[in-house]
Amino acid sequence: MCGIFGCVLREGKAAPLLHEALKRLEYRGYDSVGEATVYNNKIYVKKDAGKIEEVHAIENLDDLPGSVGIGHTRWATHGGPSKVNAHPHLDCTGKIAIVHNGIIENFMELKDELIDEGHVFVSKTDSEVIAHLIEKEVKSGLPFVEAVRNALKRLEGSYAIAVLYAEQPDMIICARKESPLVLGIKEDACFCASDIPAFLHLTRKSVVLENGEIAILRSDGYELRRISDGAEVHREPEWIDWTPEMAEKQGYPHYMLKEIHEQPQAMRNAVRLQEQYLDLMATFLDRAQEVFLVAAGTSYHACLAASYMFSKLAMRTVHPVIASEFIEEYGKALNIDTTILFVSQSGETADTLEALEYARNRASTLLGLTNVIGSTLTRVARAYICQQSGPEIGVAATKTFTSQLLVLAQLALRLAKKRGKVSQSEIDYLEEEIRKMPSYAEEVIARVEDKVRELAQKYYKKNLFLFLGRGISSATALEGRLKLMEISYKPSLAFPAGESKHGPISVVEEGVPVIFICPRDETRKEIKGNIMEMKARGATIILIIEEGDEELKSLADDYIEVVKGVPEILSPAIYVIPLQLFAYYVAVLNGLDPDKPRNLAKSVTVK
Ligand code: F6R
């Protein structure tokens, strides 16, 4: 999730506006920054790794000439944070500059093709192919707008782009597929940006660019067209009456709620992993004598769910371990034949890094799954996967959890394939279901939010909650409990439902809310028994169930129905969504700020 901005002014310098807009987009990424302007038919570029003000202090971003420019603030996904990988990227002639937010899935094939045709690449990014593809189309004699449109048609994946062309210095072309892009309109200027706060101080008139549209921006107006056939599209600007604070959260009252709603898009990015990284990781996992998954907090819950995925799909035992316990529990047993996958959103959690360092000294194979390229985990791991969720600002992990689950499911499936443990038809089915996960998430959020808010209203004063699940849903239960506890400070318990009769059931009395996570899976008979046990002790039964599960509904005091047909191994990423929303609304109803829970930090860098 990077931030892009473009501006075409009738008069005045573009560079200071680009600088200010990029500061307002810095929440979308901040590992490198860059700007390009066009002046006297020449492109000027300044860019480097680092935060905007750090780069500005050295480069003076404001002295680029010209009234037309584009800018970018980056959250690395392909290629680490560095000057060459920073945007804007240029074509071979230096006449075309582009900025890009999104993921180009087929960039390897396109890059090979363009290199064969003589193009020279300087970065490791997926984005650079866009500049060279446009160059190729321009060389074939097409007018510039057509050249951009043709180039876009070759891209698979997601993008929001803005393009400058030295030969047509009075305009910017921008376009989008999936990644967001909005236009800001003024009498004497046009802007494009990943998000409204970038230009809210300049204009309140805005046009949302829809998927599959391209826009030509000039200082006196804009034109919209469809990418597919070039047909004109007419859309009038809307008036935005958000305060700057609301705009930063895209109209949501808190980052946590915004990030819960961003899950479908984050999931889309998580299913766009480069095949060769998945394959490499699966090869390491296949060869290892023993595999551990090591993480803290929410990331540990993703590992716990993954242990079910690996054993059920790939028939491989992996041991999920809480990072702070790893050295004590397994340290002495580690050796060269051990492979450890460290899972950490930030890549900087002290407990996880301590375990990493320990295992490094014992010559184990270290793998990483993280959201932050350039973090310590990515520097130390032998191989890593970036989950590509973009920055998460709310302290409670939400979108990064569901994306971790999707990455781990793909990894388990890849390992299963390698080991010949699943039939081709099952692989095809699960791959298709993985692709459907973003739409399932979208549907669930739309369907359950009002009902969850009502439940929160009913239960927010309760002082004890229990979360129970069986099988892979015991990980969902733990995560639901953690979300509620960390932001609403409600004492809560979670454990595999079968454990309840071994002790925890003694806390249950009349009216204690017990939340069961019940996808339709092999544990159904047992979970029904556990529900009955709790009911018999007067608990209030709240069930998270599949849509239309009449049998379980009849056992519930309250229930939330999610979508039908989600495969068991993928269910945590869907069934956790109502629990995230429940935690959020309970915290808000208790007058608490869910974005800033007491005593907690986003990245726990102390042991
Ligand atoms: C809970 C939460 C924390 C983190 C934990 C690990 O909502 O965010 O429990 O999951 O501190 O952080 P990472 O994944 O950055 O290692």
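Structure: see above.
What this report covers is the structure whose coordinates are included nearby. (Residues numbered from 1 in each chain as written. Predicted model: local features only at pLDDT ≥ 70, side-chain atom pairs only at ≥ 80, totals over all residues. Heavy atoms only, no water.)

A word on the site of the ligand
Then, in step 1: Taken together, 15 residues lie around the ligand, and Ser299, Ser344, Ser346, Thr349 and Glu486 are the ones closest in.
Then, in step 2: Ser344 places a polar side-chain atom, nitrogen or oxygen, 2.6 Å from an oxygen atom of the ligand.
Then, in step 3: Ala397 is positioned such that a nitrogen or oxygen atom in its backbone is 2.9 Å from an oxygen atom of the ligand.
Then, in step 4: When the ligand sits alone it has 410 Å² of accessible area, and the protein chains cover 90% of it.
Then, in step 5: At the level of secondary structure, the elements contributing two or more residues to the shell around the ligand comprise helix 10 (297-313) and helix 16 (473-488).
Then, in step 6: Per-class residue counts for the shell around the ligand are six nonpolar, seven polar and two charged.
Then, in step 7: Taken domain by domain, the makeup of the shell around the ligand includes at least three residues from each of domain 2 (252-422) and domain 3 (446-599). (Near = heavy atom within 4 Å. Polar contact = N/O pair within 3.5 Å; in protein donor to acceptor, adjacent residues only side chain to side chain. Areas by Shrake-Rupley, 256 points an atom, 1.4 Å probe, with all protein chains shown as cover. Helix = DSSP H or I, 4+ residues; strand = E, 2+ residues; numbered from the N terminus. Nonpolar A, V, L, I, M, F, W, Y, C, P; charged D, E, K, R; others polar. Domains from an automatic or database assignment.)

A look at the pairing of strand 24 (residues 540-546)
Then, in step 1: For strand 24, a buried count of seven out of seven residues is recorded, marking the element as mostly surrounded by other parts of the structure.
Then, in step 2: Examined bridge by bridge, strand 23 (residues 513-518) and strand 24 share six bridges and lie parallel to one another. Residue Phe516 lies in a different strand from strand 24, and its bridge partner there is Leu543.
Then, in step 3: For the crossover from strand 23 across helix 17 (residues 524-536) to strand 24, the handedness is right-handed.
Then, in step 4: Pairing of strand 24 with strand 25 (residues 558-562), which is carried by five bridges, proceeds in the parallel orientation. Along strand 25, the bridge assignment pairs Ile544 with Ile560. (Buried < 20%, exposed > 50% of the residue type's maximum accessible area, 1.4 Å probe, protein only. Pairing = 2+ DSSP bridges. Right-handed = clockwise from strand over helix to strand, strands pointing away.)

A few points about the sheet that holds strand 11 (residues 205-208)
Then, in step 1: Here we have eight strands laid out as an open sheet, ordered 3-2-4-1-10-9-11-15, and antiparallel in their pairing. Every other strand in the sheet has two partners, leaving strand 3 (42-49) and strand 15 (238-239) as the edge strands with one partner each.
Then, in step 2: Examined bridge by bridge, strand 11 and strand 15 share two bridges and lie antiparallel to one another. Residue pairing in the sheet places Ser206 in a bridge with Glu238 of strand 15.

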